[in-house]
Amino acid sequence: MTNGVLARLRDTGYPRWSVAAQFGRLPSAVAPLAFTILTTATTGSYRLGGVMMAVFVAAELLGAVPAGRFLDRAGPRRGMVLLLAGAAAGFAALTVAAAVAAPGGVLLALVAVPGLLAGGLAGGLRSLLAGAVPDELLPRAVAVDAMLIDGVLIAGPLLAALLASVHALAPPAVMTLAYVACAALLPRGGGTAVVAPEGARLPVRAAAGWLACVFAIGHLLATIEVAPLPLAGRLGAGEVAAALIVAVLCGSSIAGSAVFAWRGRTTPVAARVFLGVFVGGGVLVSLDLGWPGLLAGVVLVGACTGPLLTVATVNLQRLLPPGRRSEGFSVAFAVQATGFALGSLSVGLLPLALAPLLGAGSAALACAMLSRTER
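Not measured: the values here are computed from a predicted model.

What counts and how
- Residues numbered from 1 in each chain as written.
- Predicted model: local features only at pLDDT ≥ 70, side-chain atom pairs only at ≥ 80, totals over all residues.
- Heavy atoms only, no water.
- Helix = DSSP H or I, 4+ residues; strand = E, 2+ residues; numbered from the N terminus.
- Rg over C-alpha atoms; globule rule 2.2 N^0.38 Å.
- Buried < 20%, exposed > 50% of the residue type's maximum accessible area, 1.4 Å probe, protein only.
- Contact = heavy atoms within 4.5 Å.
- Lys, Arg positive; Asp, Glu negative; His and termini not counted.
- Charge placed at Lys NZ, Arg CZ, Asp CG, Glu CD.
- Salt bridge = Lys/Arg side-chain N within 4 Å of Asp/Glu carboxyl O.
- Expected span 1.5 Å × (residues − 1).

### Details of the overall build of the chain
Of regular secondary structure, the chain possesses 15 helices and zero strands. The C-alpha atoms of the chain give a radius of gyration of 20 Å, which matches the 21 Å a tight globule of 375 residues would have. Scored against the burial criterion, the 375 residues of the chain give a buried share of 49%. Put simply, 84% of the contacts in the chain that link residues at least 6 apart link residues at least 24 apart. Between the averaged position of the 23 positive side-chain charges in the chain and that of its 13 negative side-chain charges there is a distance of 5 Å.

Structural data, given as structure tokens:
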């Protein structure tokens, strides 16, 4: 049903942008397992790999907004090439350091470098997408991209495991090459900086409802993605069932994005509907209603994730001054990542039933904020 959409996108700059984007996202998808494998093989501590991932994510958050501002000033494409080159150099240095058995402190310091630079990649890629496709095709392009993101997230750990069977240093080496490939494949347009009008600021107040949407996505998703094992354990199942929960979440997300790419609308009303379904899905996940209730909740959350993200980012773009887009999208990335971090923290600190309820509460609050903004 998306064949017509794909045919129209093929005639734009989307295919090249999409290939570059997936290369740019691959290192983050590979990183969690890659770092664990790397530190276990070189230092004997898998825990160091977990700390490395935490440092990488924290650095991404810290660097997102400054990197976005840099991209707006330098021009999205030129700035992206520089950021990608720096991130690739950082992972190359990390690979060399691990090869010579550098201390854990050195590895932690080195992993922060690509993290700080990679924080701006999401905003830069999204800014370049706006110039790669016509406005009327942008919602479809974002929805199709949401499906591809799920594919990268699934493929990342599998690729890390496959590369590790060759050598423990292979995953970070390939992460380096992925950033190089992304830089080489970026669309040629978007190389000139767009100067924002003097005094132009990010429309934070006007965009508050849409930023609340992306926060709710990260918050509620984390309570499912981080907790599949305890959710399965609550029903007397184990690792295989936990993998099934993740597969259902990813599969429903891909299906939801495909349907939206075919017939979706980017109206505030559509966003409120998706947020309402989010609330229902979160409540079902929180309640102990057996497998039917759990899977129904996971399907509802997954099916609305891509469409809600598409609606939120498309409407956010309409509010952003052209010369502040990379920064604005970087802010959205940081907000979503913060929601994911808080959702992950709630799984670790709160009773299992309460964590998804808090995520559902975030969705309800976003819906209320969006309704108030639209008055």
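### Quick notes on the pattern of salt bridges
In the structure shown here, the tally under the stated rule is two salt bridges. The residue Asp-145 makes a salt bridge to Arg-25 at a minimum N-O spacing of 2.7 Å. Here Arg-25 lies in helix 2 (residues 14-42) and Asp-145 lies in helix 7 (residues 138-164), a separation of 120 residues in the sequence. We note a salt bridge from Arg-69 to Glu-327, for which the minimum N-O separation is 2.8 Å. A residue pair is termed long-range when its members are at least 10 positions apart, and Arg-69 in helix 3 (residues 46-74) and Glu-327 in helix 14 (residues 325-349) qualify at 258 residues. The class of Arg-69 is partly exposed, set by a relative accessible area of 39%. Classification of Glu-327 as buried rests on a relative accessible area of 3%.

### Details of helix 6 (residues 121-132)
With 12 residues, helix 6 should cover 16 Å at 1.5 Å per step; its first-to-last C-alpha distance of 16 Å lies within 8% of that length. Along helix 6, 10 of the 12 residues are buried, which leaves the element largely enclosed by surrounding structure. Every buried residue of helix 6 is listed here: Leu-121, Gly-123, Gly-124, Leu-125, Arg-126, Ser-127, Leu-128, Leu-129, Ala-130 and Ala-132.

Don't take any of this as a statement about function, it's just geometry.
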